[in-house]
Structures are given as structure tokens and as C-alpha cells.
Amino acid sequence: MTDRPIVLIAEELSPATIEALGPDFEIRNCNGADRAELLPAIADVDAILVRSATKVDAEALAAAKRLKVVARAGVGLDNVDVKAATQAGVMVVNAPTSNIVSAAELAIALMLAAARNVSPAHAALRNGEWARSKYSGIELFEKTLGIVGLGRIGVLVAQRLQAFGMNVVAYDPYVQPGRAAQMGIRLVDLDTLMAESDFLTVHLPKTPETIGLIGADALAKAKPSLVVVNAARGGIVDEDALYNALKEGRIAAAGLDVFAKEPCTDSPLFELDNVVAVPHLGASTDEAQEKAGVAVAKSVRLALAGELVPDAVNVQGGVIAEEVRPGIGLTEKLGQIFTGVAGEVAQQLDVEVRGEITAHDVKVLELAALKGVFSSVVEEQVSYVNAPLLAAERGLAVRLVTDPESEDHRNLITLRGTLADGSQVSVSGTLVGIQRRERIVEVNGYDIDIEPTDHLAFFTYNDRPGMVGTVGQVLGGAGVNIAGMQVSRDTKGGQALVALSVDSAIPADTLTEISSAIDATGIHAVDLVD
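Definitions and limits used
Residues numbered from 1 in each chain as written. Predicted model: local features only at pLDDT ≥ 70, side-chain atom pairs only at ≥ 80, totals over all residues. Heavy atoms only, no water. Pairing = 2+ DSSP bridges. Helix = DSSP H or I, 4+ residues; strand = E, 2+ residues; numbered from the N terminus. Axes fitted to C-alpha atoms, helices over the stretch in contact; angles between N-to-C directions. Contact = heavy atoms within 4.5 Å. Phe/Tyr/Trp six-rings, centres within 6.5 Å; stacked < 30°, edge-to-face > 60°. Buried < 20%, exposed > 50% of the residue type's maximum accessible area, 1.4 Å probe, protein only. Parallel < 35°, antiparallel > 145°, perpendicular 65-115°, else oblique. Left-handed = near helix turned anticlockwise from the far one by under 90°. Nonpolar A, V, L, I, M, F, W, Y, C, P; charged D, E, K, R; others polar. Expected span 1.5 Å × (residues − 1). Polar contact = N/O pair within 3.5 Å; in protein donor to acceptor, adjacent residues only side chain to side chain. Patch = residues over 30% accessible without salt bridge, like charges linked within 9 Å, V, L, I, M, F, W, Y side chains within 5 Å. Areas by Shrake-Rupley, 256 points an atom, 1.4 Å probe, with all protein chains shown as cover. Salt bridge = Lys/Arg side-chain N within 4 Å of Asp/Glu carboxyl O. Lys, Arg positive; Asp, Glu negative; His and termini not counted. Charge placed at Lys NZ, Arg CZ, Asp CG, Glu CD. Core = buried A, V, L, I, M, F, W, Y, C linked by side-chain atoms within 4.5 Å.

J.: What exactly am I supposed to notice about the sheet that holds strand S13 (residues 348–355) here?
T.: Hydrogen bonds between backbone atoms are what pair the strands of a sheet, whose relative direction is either parallel or antiparallel. Across the sheet, which stays open at both edges, the six strands sit in the order S14-S13-S15-S16-S17-S18 with mixed pairing between neighbours. Each of the sheet's edge strands pairs with one partner strand only, and the pair in question is strand S14 (397–403) and strand S18 (446–450). Pairwise comparison of adjacent strand axes, ignoring direction, gives a mean angle of 20 degrees for this sheet. Lying on the sheet, helix H14 (residues 363–374) is in contact with S13, S14 and strand S15 (411–418); it crosses S13 at an angle near 135 degrees.

Here it is as C-alpha cells:
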């Protein structure tokens, strides 16, 4: 027997991973893809390191009596049941920035391969055909590159392709024009980007708003010479619309690494000579795998030492007061709501913490706010380690403000930000009762009291009779069930706010219908993401 913590390595990881763990742990190995081997092996370990083949689901978590940490040596967490882990009090960590260079380079590789017909020319040569004239290509030099999503990967792609002599435009409503201009990038709306681009590459997170973003309408605005690359997430580019545009010659070519449903081995797109496709290889480099392994090994060390773990995606490990811990999740949600209401990244953000909680170190709440603010803005996973970097990249200045006095609540957390046009956005929340239930209690100065469920909406309008009923009628007609509703107004007959929690995401056309029906002065739907 040993008193050292036990770490189970369930898949092949780089030697550097073992080296990064150091001598303070007992290391065990198993084949995590073999359930009969995994379940008994996980029973008495403190941490498990996996890649993509090992499924750490509710069954595995139930078998793990001592487990404290699940570490995924990579970005995605599809094989880890984060919700079940959280309920079991098990921390989940990953390596959110380990593959950004590899992903950027693969996007460029696909772009070059599509531009020069590498895939069909290679296939023809292997079939004994010397087809030089058939596979003439195009240069990237002096062409216009359109980047959809100017996060860290998008910026890496831009920097590298500027060296090819490309002109770069980008669509990202959460990036300030001044920041883009510093990088030599011109921000445009999506329609303009589609019309001007010779090459288009997608670098967005997959959210309800981005699914199908590059669809039939967008592709209809493109040049016939457009080359589309998607090495971000499947489904952001509508595959049916892409196939039709390629088949009909309305765009020139495509390079694909990701697909709406994976694994994908049977797609009409694979039949087209002007498509180069690979099986989700964005992170499949030796360097990315080594970075991922070393990163999660360091996180495991921190977690089992009881210290703050920047890359934890659910519960936080570290010296965080128990009185502060319940506010972390609430503050992340406030950040998501803030971004949804603002519609852009603020220039200045104050994280105001008031009440008894300020007797403790609440710095983690500033990080939680930034994590929430950027969670639906960038392609890569946002963590407490990269959220401040994302803020710096976008010119967002953040400040933590504490005050032991809280007039109306025992503790109150407010995010208050200034936007590019000088306007302000605020959202406040608190925890109530013995069970510390999360409540949103203020939006833009309107007092409300509503639970931050998965799907929220906020409508402002001129106060007059019948508007609440109209909102309910339109939502009912769209099959959207209202779980909770609050109405607040500044003065009788003045401006009013309706805050809704609903059971499902509100479709865009339904939002437009509501806006028209009540003559809304502001309308914001927010879908909270884990």
C-alpha cells in the first residue's frame, strides 16, 4: 500500500506527461477503451488521465470511489460526462489552448490543398493519370481572406496568411474595430465578408446562434471562385447548402476537417473532386498532444495539492472559501447574460461584489465573470487561464470592485460594462435561501427576480396594456413554453422590461415577430452554455 495519490493513465500519452506529473504519485496504466479493464482499475484512484477513447461516464464515475480529477489530454470533452462528474464532486480538466497552433495550421493546409487541387490530382496520379492541365489551381497572393470568428485561432490564421500577401477581412461582432485594425484586419458584416472573400475560413464556437451560419443565404452572396474551409466545428457550415453550391458551381472548392455528425465516412461531399476532407485532424500533431498531456498533468498536480486549477471546466480546485464557491457558477452565468444583452464585448467591465462575501478573497469571481463573458464568443474553450488573455486581446479592461455593504441583499454580484458607443449594460445576481439558489435580480437598472435557466430572453418596450399577453401569445404559437416571467418598469407608461425563462431556445423568426408585435426597443435572447 502507498500513501501517495494514485493516477491512472488510461490511454497512451507522451513521456513528457509522465515527466510533468513527477515522482509524487503512484502511476498505474490500463486500456481505458476496454470497459472490463477500466471499471475495476478506476475504483481506488485519485485521478485519471484520458484522451478520446476512454468514456468517463456515469457508470465509470460510480465505480470510482476515490476519484477527485478527470483530466482530458485535449480540448473536447465529448467522452467525459461533465454533469455527472460535477454531481459526484469530481473535477474535470482539459487543455483548452493546446491545439490552437495545430488547428490554425490545418486550416491553412486545407486552404492550400483546395486551392491547388492537391487531393484529386494525387488520386489521379495514383491511378496512373498525369493530369497537369486538368488540375490548374489558384494562388493565395493578393486574394481576400475572410475569417469568420477572430478568436485566438482566427488571429493565428490571419497572421500566417498575411505573410502570404493576403488581404484579410473578418466578421466577429465581439471584436472591436480598433483591435482588428491593429492587426491589419478590416472588420465587416457577414454579408460583406461573403461578397468580398476569395477564401473563407471559420473559427467560431458551435452554439445555437452559429449552427448553419454559413448556409444557403450566405453562400448565395459568394463569388464563384470562393474556397470555403471549416476546421472549427461541424454544423457551422451547412453541409447540404455547401454541397449544392459546389455541385452547381456557385463556389469553387471546400476544405473540411469537421462534420455535423462524427465519425463521418459517408457524405455526398466526398464524391466531389473540389472537396478535400480529413477526419477531424485539427489537434492531431505530436506537438499538440504533448502540450495537452503536460498541461493536464500540471492541472492534476495542482488539484491533488488542493490549489486553484485554472483549466477546470466545472468545479474549481484551490483555496477558495466555501462562502465564495457558490458564487462562481452564478458569476459565469452573469457573464453570459451580460454578453447576450450587450451584443458585443465591452470596453470596460466592472465586477462588483458586495456584502459579507467580501470578507474573503473573491478574485476568482473576476475570472468567472470573464469566463462567462467569452464562453459563447470564441471558438476555443474558455478557462480561468485564458479568459484574461482573451480580454486583453479584445481591449477589454476589467476591474474588481468590492464593498462590504449591500443594501438589499446579503451578497450581490453585479457586472457593469461600458460599450464602444458609451452606453452601459449591467446585470446583477444573488444567492438566496439555505440552498443558495441562483437568482438574477437586475438587468440594465430594472429590478427583477428570475432563475437563470438554460434559455432566457429580455424585451424592452414602451409600457402599455396588452404587451405581456402579446409576448405569451407569440411564444405559445411557436411552441415555446414559458417557465418564468417578470415585468419591471422605470415609471408608469415609461420603459418596461419583460424577463423570461423558457424551456427551449427561441427561434430567430419568433424573436423578430415579438419585436414587431410589441414595437420593442430592445430584444435579447440568451442561451446559457455549460
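J.: Would you mind showing me how to read the packing of aromatic side chains here?
T.: Two measures describe an aromatic ring pair: the distance that separates the ring centres and the angle between the ring planes. On inspection of all chains with the given rule, the structure shows one aromatic pair. Each ring, one from Phe259 and one from Phe270, has its centre 5.5 Å from the other, and the planes form 90 degrees; the classification is edge-to-face. Of this pair, Phe259 sits in the loop between strand S11 (253–256) and strand S12 (275–277) while Phe270 sits in the loop between S11 and S12, and the two are eleven residues apart along the sequence. Judged by its relative accessible area of 6%, Phe259 is buried.

J.: What is the right way to look at the packing of helix H13 (residues 326–342) against H14 in this model?
T.: For any two helices packed against each other, the geometry comes down to the angle between their axes and how far apart the axes lie. Taken N-terminus to C-terminus, the directions of H13 and H14 make an angle of 40 degrees; their axes are 7 Å apart at the nearest point. Relative to H14, the element H13 is oriented oblique. Here H13 and H14 pass one another in a crossing that is right-handed. Residue-level inspection shows Gly327, Ile328, Thr331, Glu332, Gly335, Gln336, Phe338 and Thr339 of H13 in contact with H14, the latter providing Val364, Leu365, Ala368, Ala369, Lys371, Gly372 and Val373. Considering only residue class, the contact of H13 with H14 consists of seven nonpolar, six polar and two charged.

J.: How do you make sense of H13 when you look at a structure like this?
T.: For an α-helix the count is 3.6 residues per turn, leaving residues at separations of three or four pointing the same way. With 17 residues, H13 should reach 24 Å at 1.5 Å per residue; the first-to-last C-alpha distance of 25 Å fits that figure. Within two residues after H13, Gly343 carries a phi angle of roughly 75 degrees, on the positive side.

J.: Can you walk me through unusual backbone geometry in this structure?
T.: Most peptide bonds take the trans form, and the phi angle of most residues other than glycine is negative. Residue Pro263 is bonded to the preceding Glu262 through a cis peptide linkage, with omega at 0 degrees. Along the polypeptide, Pro263 turns up in the loop between S11 and S12. Phi is positive for Asn117, close to 55 degrees, though the residue is something other than glycine. Here Asn117 is to be found in the loop between helix H5 (100–115) and helix H6 (118–126).

J.: Got a minute to help me understand the environment of Ala113 in this structure?
T.: If you trace the backbone, Ala113 turns up in helix H5. Residues Ala113 and Pro279, 166 residues apart in the sequence, show an inter-C-alpha distance of 15 Å. Beyond its immediate stretch of four places on either side in the chain, Ala113 contacts Val118 and Val276.

J.: Hey, could you run me through the pairing of strand S17 (residues 437–443) in this one?
T.: When a strand is regular, its side chains alternate between the sheet's two faces. By the criterion of burial, S17 is predominantly enclosed, with five of the seven residues buried. Alignment of strand S16 (residues 424–432) against S17, held across six bridges, turns out to be antiparallel. Looking across to S17, one finds that Thr430 is bridged to Arg439. Counted along the chain from S16 to the antiparallel partner S17, the turn is four residues long, and its residue Gly433 has a positive phi close to 75 degrees. With three bridges joining them, S17 and S18 adopt antiparallel strand pairing. Residue pairing for S18: Ile440 is matched across the bridge by Ile450. Counting the residues in the hairpin turn of S17 and S18 gives two residues, including Asn444, whose phi is positive at 50 degrees.

J.: Explain helix H11 (residues 239–247) here, please?
T.: Among all positions in H11, only Ala241, Leu242, Tyr243, Ala245 and Leu246 are buried. Where H11 is buried, its residues meet helix H10 (216–220), strand S10 (227–230), S11 and S12. A side-chain oxygen of the first residue of H11 lies 3.0 Å from the backbone nitrogen of Asp240; this N-cap is Asp238. Positive backbone phi, approximately 75 degrees, marks Gly249, located one or two places after H11.

J.: Would you mind showing me how to read the sheet that holds strand S8 (residues 186–187) here?
T.: The seven strands lie next to each other as S8-S7-S6-S9-S10-S11-S12, forming an open sheet whose pairing is parallel. Two strands bound the open sheet, and with one partner strand each, they are S8 and S12. Pairing of strand S6 (residues 144–148) with strand S9 (residues 199–202) involves four bridges; the strand directions are parallel. Counted as the bridge partner of Ile147 is Thr201 from S9. Contacts between H11 and the sheet are confined to S10, S11 and S12, with S11 contributing the most and set at about 145 degrees to the helix.

J.: Sorry, what's going on with a negative patch on the surface here?
T.: A cluster of acidic residues, Glu19, Glu105, Asp286, Glu287 and Glu290, forms a negative patch on the protein surface. It is helix H12 (residues 286–304) that provides the largest number of residues to the negative patch, a total of three residues.

J.: What should I look at first to understand the nonpolar core in this one?
T.: For soluble globular proteins, the rule of thumb is that nonpolar side chains tend to be buried together. Residues Ile337, Phe338, Leu365, Phe374, Ile440 and Phe458 are the most contacted members of the largest nonpolar core, which totals 49 residues. Those residues in contact with Phe338, other than ones at most four positions away along the chain, are Ala346, Leu349, Val373, Leu415, Arg416, Gly417, Val425 and Val427. Counting residues in each nonpolar core, the second largest holds 35 residues, with Ile108, Val157, Val168 and Val276 among its members.

J.: Can you walk me through the environment of Met194 in this structure?
T.: Mapped onto the secondary structure, Met194 falls in helix H9 (residues 190–196). Separated by 27 residues in the primary sequence, Met194 and Asn167 place their C-alpha atoms 14 Å from one another. When near neighbours in sequence (up to four residues on either side) are disregarded, Met194 contacts Leu200, Ile214, Ala218, Leu219, Lys221, Ala222, Lys223 and Leu226.

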